[in-house]
Amino acid sequence: MAITDTTGSVLSPLPVAPGPATERVLQPDGLTALRRVATLTDRGRTSAVLTRDAACDATPDRTLRCSVGLLPRSTKPLRTHKRTPRGRTHAFNNVIHTLRTRLEQSSTGPLAPPPGRAQEGGRAPTLWGPPSRPRPTRRWLLVCFLLGGATAGLLPHLAPMPGWRGVPSLAPMAVSGPLSRLGQDPLQRRAAAAMPGPRAVPTVPVVATAVRTDHLRIYLTGLGSAAAFHTVTVRPRVDGQVLKVAFQEGQIVRQGDLLAEIDPRPFQVQLAQAEGQLAKDIAQLQNAKVDLERYTVLLAQDAVAPQQLDTQIALVHQYDGVIKSDQAQIDNAKLQLTYSRITAPITGRIGLRLVDPGNVVRANDPNNSLAVITQGQPMAVVFNIPEDDLPQVLKKVRSGQHLTVEAYDRNLKNKLATGTLLTIDNQIDPNTGTVKCKAVFPNEEEALFPNQFVNARLLVDTKKDISIVPSAAVQRSPQGTFVYVVKDDGAVEIRYVVVGPSEGEAVAIEQGLTPGEVVVIEGVDKLQRGTIVAARMTGASNAKGNQ
């Protein structure tokens, strides 16, 4: 039997002590490893690795004549047993190392087989050799070649990697179409990559606006409610049955207009009684005055006593008092009769009707009200401002300025009316830290209703000729407040600014910007210093930057 190495593979560098070739063949470790390889070969049925060598079997001295690199065949039968993959690997490495050492040290010629070995049954010894396999170096070269070919084939189908931290992609595309479409269509990407000439740097689309110079009005905003200058609850002043309601709900009534009528007949009867009593008392007074004249003549003739004359004088004065009382009763009856006609005390809008005709009402009963009239022109608005802003407002008021107040709706978007500040309360609310202010509005369009919730904006100052930008352009960081400014070459830079007062969406810039410069207001989350942008100006169709 002979075992040869036909591939020249790199073998395991296991150390082997030097010695004669014959002795190396007969080492027990080599024979044991050879049996293991034979066992694995028989089980796998992989390739024909066992051959017969007739020349070696023909030796008369029953020894194996082996060529360079051959091992003698063992006389012991091969045993088949299972080994773990780790054990098989070690056994194979031992055999291969033995073969390698044999090949390197037996280049002088064939070696004689050990004595005592003869041909077995006239058969030629079997040539044993390890199965051929490619060298590791060649295998790695093949793997690298396959990976390189696969990468080259898939590269045109890959989308361009976006720039990182403002650095453009390593494979920029030509501007033959939109970047999004180039990244989706492989054919367009190949065509764009094949086009000669310079390639455009990827840009970031943003929305920008120019810094403008304008007047900025400073307002103090406070929550408030509209209040009518006069509010009257109409109630009956006499008892009686309601005969008539002379108004329509929601009607604008004038002062003195008839609203309702109560049954006047009881009061007419009282007036007639008072007038009759007055006529009776007047007749008695006249009789008393005639008696007084008669007693005066008789006293001059010394016909009556002076005491009787004095009594008659007192009786005349008494009748005078009774007549005045009767006149008062007549006036009271007339007044009650007047109260039976309920008229509007003020001019304003009347509310819903609270009583119907036929109901009996009573005077001074809080539950018996006819309607409510509110004066809507002019209209007052009471609102609160913080106590910290009170000195600034007082300074304007004491100087004689008429501060403008604008009333807005609940969402602070629609302006309802414009008026002036009327007065400021004389104390600060300690619970809220605010002070009440009252403004008056003409309310000619009747946009304000009593008890309506409004947002009052008090104009306290006006900044003239100042740089203004939208509030969306102002960014904040631990280092300060800054904006992204678009330069002429399309790149953005970070500009730190000093922010002044703001009003709505407008912010005053005191330092850091000049009128006409372009600042980014949308898309700032994708920007950093030096990023190339394609800026679309608000209110314009053109774009500034790398187009």
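Novice: I would appreciate a short explanation of unusual backbone geometry in the present structure.
Specialist: Trans is the prevailing form of peptide bonds, just as negative phi is the prevailing case for residues other than glycine. Pro378 follows Gln377 through a cis peptide bond whose omega is 0 degrees. Position of Pro378 relative to the elements: it lies in the loop between β13 (371–374) and β14 (379–386). In this model, Asp302 sits at a positive phi of 60 degrees, which is unusual for a non-glycine residue. Here Asp302 shows up in the loop between α8 (265–300) and α9 (306–339). Classification of Asp302 by relative accessible area gives exposed; the value is 66%. The backbone of Glu446 sits at a positive phi, close to 55 degrees, despite the residue not being glycine.

Novice: Could you clarify how one ought to interpret the pairing of strand β4 (residues 204–210) in this entry?
Specialist: Along any regular strand the residues' side chains alternate between the sheet's two faces. Summarising burial for β4: 5 of the 7 residues are buried, a large majority. Inspection of the sheet shows β4 paired to strand β25 (residues 533–537) by 5 bridges, in the parallel sense. Within β25, the position partnered with Val206 by the bridge is Ala535. Bridge count for β4 against strand β24 (residues 518–522) is 4 bridges, and the pairing is antiparallel. Counted as the bridge partner of Val207 is Glu522 from β24.

Novice: In this structure, what is going on with the layout of surface pockets? I would like to understand it.
Specialist: Where empty space is left in the structure can be found by rolling a water-sized probe over the atoms. The volume enclosed by the second largest pocket comes to roughly 320 Å³. Broken down by secondary-structure element, the contributors of at least two residues to the lining of the second largest pocket are β11 (348–350) and β13. When residues of the lining of the second largest pocket are assigned to their parent elements, the largest contribution, 3 residues, is made by β11. Broken down by class, the residue content of the lining of the second largest pocket amounts to 8 nonpolar, 9 polar and 3 charged.

Novice: Even after reading the chapter, I still don't get the pattern of salt bridges, so can you show me in this structure?
Specialist: When their charged atoms lie close together, side chains carrying opposite charge are able to pair. All chains considered together, the criterion is met by 8 salt bridges. The partner of Asp214 in a salt bridge is Arg212, with the nearest N and O atoms 3.1 Å apart. The salt bridge involving Glu493 is made with Arg495; its shortest N-O contact spans 2.6 Å. Overall, Glu493 belongs to the partly exposed group, its relative accessible area being 23%. Taken together, the shared-partner salt bridges in this structure form one network comprising Glu493, Arg495 and Glu517.

Novice: Please clarify how the environment of Ala535 should be interpreted in this entry.
Specialist: Its place among the elements puts Ala535 in strand β25. With 328 residues separating them along the chain, Ala535 and Val207 place their C-alpha atoms 5.3 Å apart.

Novice: I would appreciate a short explanation of the side chain of Gln336 in the present structure.
Specialist: Along the chain, Gln336 turns up in helix α9. Given a relative accessible area of 19%, Gln336 falls into the buried group. Other than its neighbours up to four places away in sequence, Gln336 contacts Val238 and Phe267.

Novice: Is there a simple way to think about the sheet that holds strand β12 (residues 360–361) in this case?
Specialist: Strand pairing in a sheet is mediated by backbone hydrogen bonds. Such pairs are either parallel or antiparallel. Reading across from one edge, β10-β9-β7-β12 is the order of the 4 strands in this open sheet, with antiparallel pairing throughout. The sheet is open, and its two borders are formed by β10 (341–343) and β12, each paired with just one other strand. Pairing of strand β7 (residues 240–245) with strand β9 (residues 258–262) involves 3 bridges; the strand directions are antiparallel. From the neighbouring strand, Lys244 faces β9, where its bridge partner is Glu261.

Novice: Hey, could you run me through a nonpolar patch on the surface in this one?
Specialist: On the surface, a cluster of nonpolar side chains totalling about 330 Å² of accessible area is made up of Trp140, Val143 and Leu147. You can see Val143 is positioned in helix α5 (residues 136–154). Accessibility expressed as a relative area gives 35% for Val143, which makes it partly exposed.

Novice: Explanation requested: α9 in the structure shown.
Specialist: Given 3.6 residues per helical turn, the α-helix brings residues three or four places apart onto the same face. For α9, spanning 34 residues, the distance from its first C-alpha to its last is 50 Å, which sits close to the expected 50 Å at 1.5 Å a residue. Restricting attention to buried positions, one finds in α9 the residues Leu309, Gln312, Val316, Tyr319, Ile323, Asp326, Ile330, Ala333 and Gln336.

Novice: Teacher, can you tell me more about the pairing of β9 here?
Specialist: Of the strand pairs in this sheet, β9 and β10 are connected by 3 bridges, and their pairing is antiparallel. Each bridged residue has a counterpart across the sheet, and for Leu258 the counterpart in β10 is Thr343.

Conventions used here
Residues numbered from 1 in each chain as written. Predicted model: local features only at pLDDT ≥ 70, side-chain atom pairs only at ≥ 80, totals over all residues. Heavy atoms only, no water. Helix = DSSP H or I, 4+ residues; strand = E, 2+ residues; numbered from the N terminus. Buried < 20%, exposed > 50% of the residue type's maximum accessible area, 1.4 Å probe, protein only. Pairing = 2+ DSSP bridges. 1 Å grid on protein atoms, 1.4 Å probe; cavity = no way out; pocket = protein on both sides within 12 Å on 5 of 7 lines; lining within 4 Å. Points joined across faces, edges and corners; volume = space filled by probe spheres on them. Nonpolar A, V, L, I, M, F, W, Y, C, P; charged D, E, K, R; others polar. Salt bridge = Lys/Arg side-chain N within 4 Å of Asp/Glu carboxyl O. Contact = heavy atoms within 4.5 Å. Patch = residues over 30% accessible without salt bridge, like charges linked within 9 Å, V, L, I, M, F, W, Y side chains within 5 Å. Areas by Shrake-Rupley, 256 points an atom, 1.4 Å probe, with all protein chains shown as cover. Expected span 1.5 Å × (residues − 1).

The quantities given are spatial measurements derived from coordinates; they are silent on function.
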